[in-house]
Amino acid sequence: MTTTPFKDRPRIDAFDKVRGATAYAADIPVPGMLYAMLVPSVVAKGRIATLQVEDAINVPGVVRILTPDDFPPPPEPVRFPNADAPPTLHRDIAFRGQPIALVVAETLEAATEGAERVAATFETQPFAATKRSALAVREEARPTAFGDAGAALAQATMTVDVEYESPAQHHNPIELISTTAVWADGRLTIYEGTQFASGIKEVVARILRIDPGIVDVKSPSVGGAFGQKGWVQQQTAIIARAAMLLGRPVKLVTPRGQIFHLAKFRPNSTHHIKLGADAAGKMTGVHYVADQQQSRRGTFPPDYHAGPTRLYGIRNYYGGGLDYRIDTQPPGHMRAPHEHPACFAFECAVDELAYSLGADPVDFRIANDTRVDPQNGRPLSSRHLNECLSRGAQRFGWSKRTPKPGSMRAADGSLVGWGVASGIYPALVTATVATLRISADGTTRFTTTHHEFGQGIKTAIGAVLLDGLEIDAAKLDIVLGDTTAAPQQITAGSWGTFSVVPTAALAVERMRAAISELLAGRQVSGAIHQQLAAIRRPFLTVEVSLLGPGQDAAALERLRRGQYAVAGPTFPDFTAMSYIAHFVEVQVESTTRRIRMPRVVSVADCGRVVSPRTAVSQVRGGVVWAFGAALREVTEVDPRFGGFLNNDLADYVVPVNADIGEIDVDFIGEPDPVANSVGVKGLGEVAMVGASAAIVNAIFHATGKRLRELPVRIEHLL
Amino acid sequence: MRPFTYIRPATPQEAVGAFAEAGEGARFIAGGTTLYDLMKLTIERPAHLIDVTAVRGLDRIEMDGDRLRFGANAAMSAVAGDPTIGRDYPVLSEALWKAASQQLRNMATVGGNLLQRTRCMYFRNGGGGIYPCNKREPGSGCAAIGGLDRGQAVLGTSEACTAVSPGDWPVALVAMDASIEVLGPAGSRSLPVGDLYRLPGDTPHLEFTLGPGEMITAITVPKTPAGRLSTYHKIRDRESYAFALTSAAVALEMSGDRVEGARIALGGVATRPWRASEAEEVLIGHLLTPELALAAGQAAFRDARPGRHNSFKTELGARTITDALIIAAGRGRT
């Protein structure tokens, strides 16, 4: 494996983005477009008694109103992961905000007015709005255990027994949720910002009882994915059905307020952690049980404890999960879906334990390193967490820290706190296919599995192609997220780079071999385009497919059928994880107690860094999101009414630029020697993991207050 | 969105005439930064919009004589960015700078800003009538009382409503004893800014004292040396682009370290822009110390009636006043 660092390159789509030229799904112009608006349920549970649409249909411009009568019965559930068919329109109401009708009109204004004029009455039923509601149903998930956590904790010199709370939080990318469906010439084409174009193709076909072979899905560029757009969303089949019934293209862009009830969200979770260490400062046992809010039929697992099992060399472990089933829309993935809340809780508990032992929080973590996967004893493909911690400590100036809480002050009298925490995320991979075509006319086209949503996957692929092949960079077209170009796989879980960068490297290798064979020893100067022209070949194509370690042809078949084809982090011969260490300074005002975060140092071990610029960007974004999760964001439920109350960008408080100080990012950069040919692991998720804990640990260092519920707000420090 | 008529008169008299002619369901609109928002939420459903942004001469900033005069159509950003205001009346400038975003400040007018409606989440979640709200539907009840009331008022509340008056600019104006000029069907009149706002009482749907068809044409602020020793201190859930949890507009007249005159008004904590005369009285004639400043802050909240989640506002509000007093007094020691 070559280990030369990749050079810094500009983002491949930067010029388009700054000019506003990047086309998102809702920007695709289609002639004859109709506009749609959903009608949300105002009750939290029950059944539609009457649905009056006459007033709405009389609004000038309204073309049709779809109701539950316009949909086939739901399909049989399927067994493979990631393939649940979301409901379409139903008479039974499972949560407030559930769509009960769709108004389609010639203009957005008419659709909006029509939706306001649809009148429904409901037979209501009692509902559970939160985990603590009387009607919440408790359901235990299968625990994970190794060693003997009970015995280890009983023998520990020092233990902490603490509970942490992470609130419900909602994705709020600027790109609203949208679907455009076109039914023409016997084919259904769906334009949607999604992380899983082939998933939509298969699942929408199943819901509407049509052949997936006639469905094409295009996700040209996604404006913020992070799990919100990983599953097939609720509106997609509804809009597709409208387009098929009307024979005209239909577009829905949901208002911001509706997203809070239509989209997946991070569920409220509670983390009860008992953690013990021996006199030498070795962590010996952990008992970790997390519970979360869950919808009545949701499948997002409560397995929060899984990540921290591999963070340190703890040999005795019990991890359990619980669902509280209530009447909400299904919760789901939101950046570092389990690892962020888990490492917030766990890494705060580690800090509490280090303080109890009188140990430095950095040294304490370093002393608890592991070389093997504690779950199964397999070797780790690569692990540089200790280097992340020591390099981060040095960059941050950790040695100047005085450990006593409240002992450091800024010039203006603010309390200063320095906190640290680690993060971990599995290195995962999917099967991929790719086609690389280089033409004599100067163009290059690379089509492959996976999606671009700003994380920089095209830039990473481009780096490999441009490093390995002499081609015209300006005429390089990388096509992603398009089922007509390549079978698509869900792009999530930080597996994009691991999956597709080695595929690009393989395509480069094959292309070089093919060119060399064609030239048959002739010396032709210039780029590949000129070489092809010289030997009168209009173009040259190579097709490749690639599996992750341990995957077989069945994974490729699942990929081709739009099914889940993901492997890791436990591979046949090793376990692969990415790591990060975050160092945070907070300043807490002495009077009104505003919390500021002037600086952060984050050092990540994600294997080899393919695209330095977008990688730094990923980490900064992760830290910003962790700041939001720790100090700003919560979706609030009034249990008397159900649903989410603060459903706009004024009241769902995300960070603003003025909130964010300097974020200094560094990478270990050591290629992973075994995971794949390029030496990459994953970065997008681990970037966020642990940063919230570092912030809360810093607040403790500043104030002496252990705050165990997020978000931490000004009133908690008064 | 419901259809509505739309006209753009060119003079104040035409605007007032057009309003009278339009009859039921007429609304003046200036920057549109509140009204359009509320129309999308189906809380406002005007049948006729009378756009006053084309009215000539209504955007002047004048400083002759013994008062400042801001035409109602002056953009928030224009007044905020005026160097004389920034130097001699930082309380006015800061109240505008710390509100909204640059884009909104470029659109919103200083007159329209006075009529901004509450951000109470239960009020704004109007569509579909899920949450009862006496402001939206008189007599339907108040979901905020006994609900998620972290953002609600602790001063000036009633059994019918605890919604916060959301503005920053009106708070600064109330501190500075400003007045508004109003033109209506019966001619023009002027009134103190403070008198524009009603307490909710048992009629929280009645928010302003303007009569039907009356339009704010200007804001006047008496000139005072206290303007120099002034500040608008705003504490919120993030560093910018958020409404106040607590805010204090403070202007002082000092003789050395002794307070000769004090004007204090509060935002984020009350159902209308709140003049805190109890706090002012604590200060007058005394040396300004951090202890006295805190005592003044606490006096302002003596009659506070917190709900379930907003009791922190009394302590935070008192400390906000304390800091504001120290900042304002510090401007005399250059």
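Residues numbered from 1 in each chain as written. Chains lettered and ligands numbered in written order. Predicted model: local features only at pLDDT ≥ 70, side-chain atom pairs only at ≥ 80, totals over all residues.

All names here are of chain A. Ordered by their spatial adjacency, seven strands build an open sheet running β3-β5-β1-β14-β11-β12-β13, and the pairing between neighbours is mixed. The outermost strands of the open sheet, each flanked by one partner alone, are β3 (62-66) and β13 (215-218). On average, each strand axis in the sheet is inclined to that of its neighbour by 20°, with strand direction left out of account. Note that strand β11 (residues 178-184) and strand β14 (residues 250-253) share four bridges and pair antiparallel. Note on β14: the bridge partner recorded for T179 is L252. (Pairing = 2+ DSSP bridges. Helix = DSSP H or I, 4+ residues; strand = E, 2+ residues; numbered from the N terminus. Axes fitted to C-alpha atoms, helices over the stretch in contact; angles between N-to-C directions.)

With that out of the way, let us pick up the sheet that holds strand β2 (residues 26-29) of chain B. Residue and element names in this part refer to chain B. Here three strands make up an open sheet; going across it, the order is β1-β3-β2 and the pairing parallel. Taken across any chain shown, the strands that pair with only one partner, and hence form the sheet edges, are β1 (5-7) and β2. Strand after strand, the sheet turns through a mean of 20° between neighbouring axes, direction not considered. Bridge analysis of β2 against strand β3 (residues 48-51) gives four bridges, and the strand direction is parallel. Its bridge partner lying in β3, I29 is registered against D51. Here helix α1 (residues 12-22) sits on the sheet in contact with β1, β2 and β3, set at roughly 175° to β3. (Contact = placed C-beta atoms within 7 Å.)

To continue, consider the interface of chain A and chain B. Counting residues at the interface gives 25 residues for chain A, matched by 26 residues for chain B. For the side of chain A that touches chain B, a count of residues per class yields ten nonpolar, four polar and eleven charged. (Nonpolar A, V, L, I, M, F, W, Y, C, P; charged D, E, K, R; others polar.)

Now for the domain arrangement of chain B. By domain assignment, chain B separates into domain 1 (5-54) and domain 2 (225-329). With centres defined by C-alpha atoms, the gap from domain 1 of chain B to domain 2 of chain B works out at 36 Å. (Domains from an automatic or database assignment.)

In this model, chain B carries a mean pLDDT of 96, and residues with pLDDT of at least 70 account for 99%. Overall fold confidence for the complex sits at a pTM of 0.97, while the interface term, ipTM, reaches 0.96. (pLDDT = per-residue confidence, 0-100.)

A few words now on the pairing of strand β12 (residues 187-191) of chain A. All names here are of chain A. Of all five residues in β12, four are buried, a share of seventy percent or more. As defined by bridge partners, β11 adjoins β12 across five bridges and the pair is classed as antiparallel. Its bridge partner lying in β12, A184 is registered against R187. Between β11 and β12, which pair antiparallel and follow one another directly, the connecting turn spans two residues, one of which, D185, has a positive phi of 50°. Two elements, β12 and β13, share four bridges in a ladder whose sense is parallel. Its bridge partner being in β13, T189 is matched across the sheet by D216. Taken together, β12, helix α5 (residues 197-208) and β13 form a β-α-β motif whose crossover is right-handed. (Buried ≥ 20, exposed ≤ 12 C-beta atoms within 10 Å, placed from the backbone. Right-handed = clockwise from strand over helix to strand, strands pointing away.)

Residue and element names in this part refer to chain A. In terms of domain boundaries, chain A breaks down into domain 1 (26-125 + 172-262), domain 2 (265-427 + 572-717) and domain 3 (429-567). Relative to domain 3, the C-alpha centre of domain 2 lies at a distance of 35 Å. Tallying the contact residues gives 21 residues for domain 2 and 17 residues for domain 3. At three residues, helix α15 (residues 612-631) tops the list of elements feeding residues into the side of domain 2 that touches domain 3. The class makeup of the residues in the side of domain 2 that touches domain 3 is nine nonpolar, ten polar and two charged.

Moving on to the environment of A555 of chain A. Residues and elements named next belong to chain A. Relative to the assigned elements, A555 resides in helix α14 (residues 553-560). Its 23 C-beta neighbours within 10 Å are what place A555 among the buried residues. Considering only alpha carbons, one finds A555 and A431, 124 residues apart in sequence, at a separation of 6.2 Å. Ignoring any residue separated from it by four or fewer positions in sequence, one finds A555 in contact with A431, L547 and A565.

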